[in-house]
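Residues per chain, in single letters:
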Amino acid sequence: MNFTSRTPEELKAFALQYKDAYATADPFPSIYFDNFFNEDVLKKVLGEFPDMSKNADFKYNDANQIKLASKGEYRFGETTREFMHYLNSQPFLEFLSALTGIENLIPDPFFDGGGCHQIQPGGMLKIHADFNKHPRTKLDRRLNVLVYLNEDWKEEYGGQFELWDLDMKECRKSILPIFNRMAMFSTTSTSWHGNPNVVKCPEGRSRKSLALYYYTNGRPVEETAVSDADHNTIFKYRKEDKKARVMTSLKEAIKLFTPPILLQGLNKSKN
């Protein structure tokens, strides 16, 4: 199956053409491309997209995020599985390394935190920096790739993918999640991103994407100087996110003063 019209050699040449643009992007290394993949393949992937509104593997519903997600690859249809395996393959990894300058990238066959993501009307994901270590392998997370599957997606539907500056003063890049658009960026403990505004698409529609994460064994010294300790998702708040900030602070306070054995019991009952 041809996932892209470019040969591996053409992919590398394409990557080198945009390498400087990626490295110098504002506010941190990032880029997006339109119509990068075979449109017919992506239409099949969209047709296979699991209906997670009825049976999501992960359902997040709190002040920071309202979204649905799959776990692993067992929910993938046949074409989706082949496509995701291609995105973890040698030719695509070599393309990513040539473009980003990150050598020896390691894919995640478990799709931990990745896979199929879906946000229904009223959903969102506040600005954050991602967990920095793979939960199983403890490798360093270095790169995110997002493939959007939203046909005829209008500006007023929202769901724009936003990249914010280091001091969280302003959004420096806003990307509409339209069909066959691939966005990617280097992940660090201060690469603030998300889709913080509520999705307003019509009922029966949703914001759909595929997420893939790539790792290395270790990371540059300048990045470990910021945060070398393992951490989960770190949320940051815009001025208009006062409610999310208060709710998160309250949740952290409850955790601080609640005995661990009681927290474990609450988590088990929630699951």
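So, here's what we can say about the structure. What you are looking at is a predicted structure, and each value in this text was computed from that prediction instead of being measured.

## A word on helix H1 (residues 8-23)
Structural remark: α-helix, 3.6 residues per turn; residues separated by three or four positions point the same way.
Part 1 of the reasoning: Across its 16 residues, H1 extends 22 Å between first and last C-alpha, which sits within 8% of the 22 Å expected from 1.5 Å per residue.
Part 2 of the reasoning: The sharpest bend along H1 reaches about 40° and sits at Gln17.
Part 3 of the reasoning: For H1, the secondary structure elements touched by its buried residues are strand S1 (30-34), helix H4 (78-87), helix H5 (90-100), strand S6 (140-148) and strand S9 (181-186).

## Quick notes on the environment of Asp51
Part 1 of the reasoning: Its location among the elements puts Asp51 in the loop between helix H2 (39-48) and helix H3 (52-55).
Part 2 of the reasoning: Exposure remark for Asp51: the relative accessible area of 37% places this residue in the partly exposed category.
Part 3 of the reasoning: Asp51 sits 67 residues away from Gln118 along the chain, and the two C-alpha atoms are 9.0 Å apart.
Part 4 of the reasoning: Side chain to side chain, Asp51 and Ser53 meet in a polar contact 2.4 Å long.

## Some remarks on the side chain of Ser30
Part 1 of the reasoning: Among the secondary structure elements, Ser30 is positioned in strand S1.
Part 2 of the reasoning: In this structure the side chain of Ser30 is engaged in a polar contact, spanning 3.3 Å, whose partner is the side chain of Lys173.

## Remarks on the side chain of Asp130
Part 1 of the reasoning: Tracing the backbone through its elements, the reader meets Asp130 in the loop between strand S5 (124-129) and S6.
Part 2 of the reasoning: Side-chain polar atoms of Asp130 contact the side chain of His128, separated by 3.2 Å.
Part 3 of the reasoning: Within the local environment of Asp130, its side chain forms a polar contact with the side chain of Arg141, the two groups lying 3.2 Å apart.
Part 4 of the reasoning: For Asp130, the contacting residues outside a window of four places in its chain are Arg141, Asn144, Phe185, Thr187, His193, His231, Asn232 and Thr233.

## As for the environment of Arg181
Part 1 of the reasoning: The topology assignment puts Arg181 in strand S9.
Part 2 of the reasoning: The buried category is assigned to Arg181, whose relative accessible area is 10%.
Part 3 of the reasoning: Placed 31 residues apart in sequence, Arg181 and Asn150 show a C-alpha to C-alpha distance of 9.1 Å.
Part 4 of the reasoning: Aside from chain neighbours lying at most four places away, what touches Arg181 is Tyr32, Phe33, Asp34, Leu146, Val147, Tyr148, Ile175 and Leu176.
Part 5 of the reasoning: Of note is the side chain of Arg181, whose polar atom sits 2.6 Å from the side chain of Asp34.

## Some details on the packing of H1 against H5
Part 1 of the reasoning: Contact pair H1 / H5: the axes reach a minimum separation of 7 Å and the direction vectors enclose 25°. Our classification of the angle between H1 and H5 gives roughly parallel. Handedness of the crossing formed by H1 with H5: right-handed. Residues Pro8, Leu11, Lys12, Phe14, Ala15, Leu16, Tyr18, Lys19 and Tyr22 of H1 form the contact with H5, whose own contacting residues are Pro91, Glu94, Phe95, Ala98, Leu99 and Thr100.
Part 2 of the reasoning: Grouping the constituent residues of the contact of H1 with H5 by class yields 11 nonpolar, 1 polar and 3 charged.

Cut-offs used in this document
Residues numbered from 1 in each chain as written. Predicted model: local features only at pLDDT ≥ 70, side-chain atom pairs only at ≥ 80, totals over all residues. Heavy atoms only, no water. Helix = DSSP H or I, 4+ residues; strand = E, 2+ residues; numbered from the N terminus. Expected span 1.5 Å × (residues − 1). Bend = angle between axes of the 7 residues up to and from the residue. Contact = heavy atoms within 4.5 Å. Buried < 20%, exposed > 50% of the residue type's maximum accessible area, 1.4 Å probe, protein only. Polar contact = N/O pair within 3.5 Å; in protein donor to acceptor, adjacent residues only side chain to side chain. Axes fitted to C-alpha atoms, helices over the stretch in contact; angles between N-to-C directions. Parallel < 35°, antiparallel > 145°, perpendicular 65-115°, else oblique. Left-handed = near helix turned anticlockwise from the far one by under 90°. Nonpolar A, V, L, I, M, F, W, Y, C, P; charged D, E, K, R; others polar.

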